[in-house]
Amino acid sequence: MPPSSHPIAINVDLGEGYGNYKCGPDEELIPLIDHANVACGFHAGDPLIMARTVALCKQHGVKVGAHPGLPDIQVCVCVWACFCLCLFLFVFGLVWFNVLCLLYLSGVRWGGGGGGGGGGVGAPCREKMTCTDMTSVSQGFGRREIKMSPEELHAIVLYQIGALQGFLAAANVPLHHVKPHGILYGMISRDAALCRAVYSAVPAGIPVFGLAGTAQEEVARELGLPFVAELYGDVKYRADGSLVIDRVKQAWRPEDAERHIREQVREGTVTATTGETVQLPLGGYQVSLCCHSDSPGCVGIVKQARGIINEWNKEKFPQGG
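The present account deals with the structure reproduced in this document. (Residues numbered from 1 in each chain as written. Predicted model: local features only at pLDDT ≥ 70, side-chain atom pairs only at ≥ 80, totals over all residues. Heavy atoms only, no water.)

Turning next to helix H2 (residues 47-60). Because an α-helix completes one turn every 3.6 residues, residues spaced three or four positions apart along the sequence face the same direction. With 14 residues, H2 should cover 20 Å at 1.5 Å per step; its first-to-last C-alpha distance of 20 Å lies within 8% of that length. Within the span of H2, buried status applies to Ile49, Met50, Thr53, Val54 and Cys57. Buried residues along H2 cover an arc of 130° about the axis, so they all sit on one side. Turned more than 90 degrees away from the buried face of H2, the exposed residues are Pro47, Leu48, Arg52 and Gln59. Residues of H2 that are buried make contact with strand E1 (8-14), helix H1 (26-29), strand E2 (35-39), strand E3 (63-67) and helix H4 (150-171). Its side-chain oxygen placed 3.2 Å from the backbone nitrogen of Leu48, Asp46 serves as the N-cap of H2. (Helix = DSSP H or I, 4+ residues; strand = E, 2+ residues; numbered from the N terminus. Expected span 1.5 Å × (residues − 1). Buried < 20%, exposed > 50% of the residue type's maximum accessible area, 1.4 Å probe, protein only. Arc of directions from axis to C-beta. Contact = heavy atoms within 4.5 Å. Polar contact = N/O pair within 3.5 Å; in protein donor to acceptor, adjacent residues only side chain to side chain.)

So, in structure tokens, the structure goes:
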């Protein structure tokens, strides 16, 4: 397939912190991009973060879309808090246990009765509870599959879009698009029934961002939703054109990221992890290249993408398309 027949934009997943936890350098990324996919509270994000992200996007003229995900948020701080509480209770209980043992060995008796001698020597405690491995604590972050019915998926996506719409209405900013997050994006690219459940929660006339040549494109056409085809600046592809979704983003060497982005933009192809050249079926759709705020070196990747895309757009669409 030829490269895009329209100017190419850039979108980034944003607002993916939680409470005091900050996920990515959103303030640095927003001035570089065209579209923001804002987390809606299920895989990441909370009300204050959503409000601040919408305000930043409005300040920089960035169009805002909903980024609903599966409900698997796990905040490491909470896990550590529980661990510390259990440790405190264990130590506190151990202290009182030792006090009681000493009182017993000293002949002290509880209750109203008299008498009774000192009783023998107590056996020492030979076992000690320890916690030796906290290294496996991690976040799901919407990148592990959860089996849910179509009805459940429809409801959670409707809920999340509605949450973001509240903040957008308060800021007088329109909802520009909807783009599912992480493994949910992968699930609906493969399963038309699940995709139908998710896309039927999207307000009429609102574009969906998705992977061309998959169930996402098919269902968007079926439901009459505008479809924006995505490229990926910091995600690898398999030979069948599907995406390799990592639970934790891996670093890219700058020269590899540049080659990966440039090939997609200028050739309409991508090199798979196994070496094959994969055609990207962009057709006549609008196109937006996605990057992620939790990728190591994300600001550098987005700056590279901005340079390559600006060069392409200026060369092919001098009047702005």
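With that out of the way, let us pick up the side chain of Asn11. Within the element layout of this structure, Asn11 appears in strand E1. Within the local environment of Asn11, its side chain forms a polar contact with the side chain of Asn37, the two groups lying 2.8 Å apart.

For any two helices packed against each other, one specifies the crossing angle of their axes together with the interaxial distance. Between helix H6 (residues 192-199) and helix H7 (residues 215-223), the shortest axis-to-axis distance is 9 Å and the interhelical angle comes to 50°. The orientation of H6 relative to H7 falls into the category oblique. Crossing geometry of H6 relative to H7 is assigned as right-handed. Of the residues in H7, those in contact with Ala192, Cys195, Arg196 and Tyr199 of H6 are Ala215, Gln216, Glu218, Val219, Ala220, Glu222 and Leu223. Per-class residue counts for the contact of H6 with H7 are 7 nonpolar, 1 polar and 3 charged. (Axes fitted to C-alpha atoms, helices over the stretch in contact; angles between N-to-C directions. Parallel < 35°, antiparallel > 145°, perpendicular 65-115°, else oblique. Left-handed = near helix turned anticlockwise from the far one by under 90°. Nonpolar A, V, L, I, M, F, W, Y, C, P; charged D, E, K, R; others polar.)

Now for the environment of Val12. Take Val12: it is sitting in strand E1. Sequence spacing of Val12 and Leu289 is 277 residues, and the spatial spacing of their C-alpha atoms is 8.4 Å. In this structure, Val12 is in contact with Leu29, Ile33, His35, Ala36, Asn37, Cys291, His292, Ser293 and Val302, ignoring residues within four places of it in sequence.

Grouped together as the largest cluster of nonpolar side chains are 77 residues, with contacts concentrated most on Ile33, Leu164, Tyr199 and Val265. The element best represented in this core is helix H9 (residues 298-316), accounting for 8 residues. Not counting residues up to four positions away in its chain, the partners in contact with Leu164 are Val38, Cys40, Met50, Val54, Val64, Gly65, Ala66 and Leu175. (Core = buried A, V, L, I, M, F, W, Y, C linked by side-chain atoms within 4.5 Å.)

So, about the environment of Leu282. Looking at the secondary structure, you find Leu282 in the loop between strand E8 (277-279) and strand E9 (286-292). Classification of Leu282 by relative accessible area gives buried; the value is 2%. Those residues within four positions of Leu282 in sequence are excluded, and the remaining contacts are Ser4, Ala229, Leu231 and Val287.

Take the side chain of His35 next. Relative to the elements of secondary structure, His35 occurs in strand E2. Judged by its relative accessible area of 10%, His35 is buried. There is a polar contact of 3.2 Å between the side chain of His35 and the side chain of Ser288. Ignoring sequence-local partners within four residues, the contact set of His35 consists of Ala9, Ile10, Asn11, Val12, Val62, Lys63, His176, His177, Phe209 and Ser288.

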